[in-house]
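Coordinate inspection notes
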Amino acid sequence: MVERLCARYGRPLGAVAGHEFYSFPEMEGLCAATEEDLRALGLGYRAKFVCKSAQTVRANGGRAWLEGLRGATPDEARGALQTLCGGG
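Quick look at the structure, then.

Reading guide: rules and limits
- Residues numbered from 1 in each chain as written.
- Predicted model: local features only at pLDDT ≥ 70, side-chain atom pairs only at ≥ 80, totals over all residues.
- Heavy atoms only, no water.
- Helix = DSSP H or I, 4+ residues; strand = E, 2+ residues; numbered from the N terminus.
- Salt bridge = Lys/Arg side-chain N within 4 Å of Asp/Glu carboxyl O.
- Buried < 20%, exposed > 50% of the residue type's maximum accessible area, 1.4 Å probe, protein only.
- Patch = residues over 30% accessible without salt bridge, like charges linked within 9 Å, V, L, I, M, F, W, Y side chains within 5 Å.
- Areas by Shrake-Rupley, 256 points an atom, 1.4 Å probe, with all protein chains shown as cover.

1. Details of unusual backbone geometry
In most cases, non-glycine residues show a negative phi, while peptide bonds are predominantly trans. The phi dihedral of Ala 17 is positive, around 50 degrees, even though this residue is not glycine. Relative to the helices and strands, Ala 17 resides in the loop between strand E1 (12–16) and strand E2 (19–22).

This is the structure:
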């Protein structure tokens, strides 16, 4: 499931022994995916959570928002992450 997600939305990293490797998708790639796209990759019920969480992260400021959680207290970080769909 994760390999298919990375192959579809990640960037190629190279090949070893004929096996291609891809990065984990950036947030924008995940935001471009539809729930149906992700279900087709085998994410099943998780597809909704991935789509909605990526959109929430982007709406909150993207990478800057996530990196800002590093300076938060554990309770603040937990509370922020629990706002993500499926993270509560």
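2. Some words on the pattern of salt bridges
Two side chains carrying opposite charge are able to pair once their charged atoms lie near each other. The tally for this structure, following the rule as stated, stands at 5 salt bridges. In this structure, Glu 35 and Arg 39 form a salt bridge, with 3.1 Å as the shortest nitrogen-oxygen distance. Of this pair, Glu 35 and Arg 39 both sit in helix H3 (residues 35–40), 4 residues apart, roughly one helical turn. The exposure class of Arg 39 is partly exposed, given its relative accessible area of 41%.

3. Looking at a nonpolar patch on the surface
Taken together, Met 1, Val 2 and Phe 24 make up a surface patch of nonpolar side chains, about 280 Å² in accessible area. Among the structural elements, Val 2 can be located in helix H1 (residues 2–9). Look at Val 2 and you get partly exposed, because its relative accessible area is 46%.

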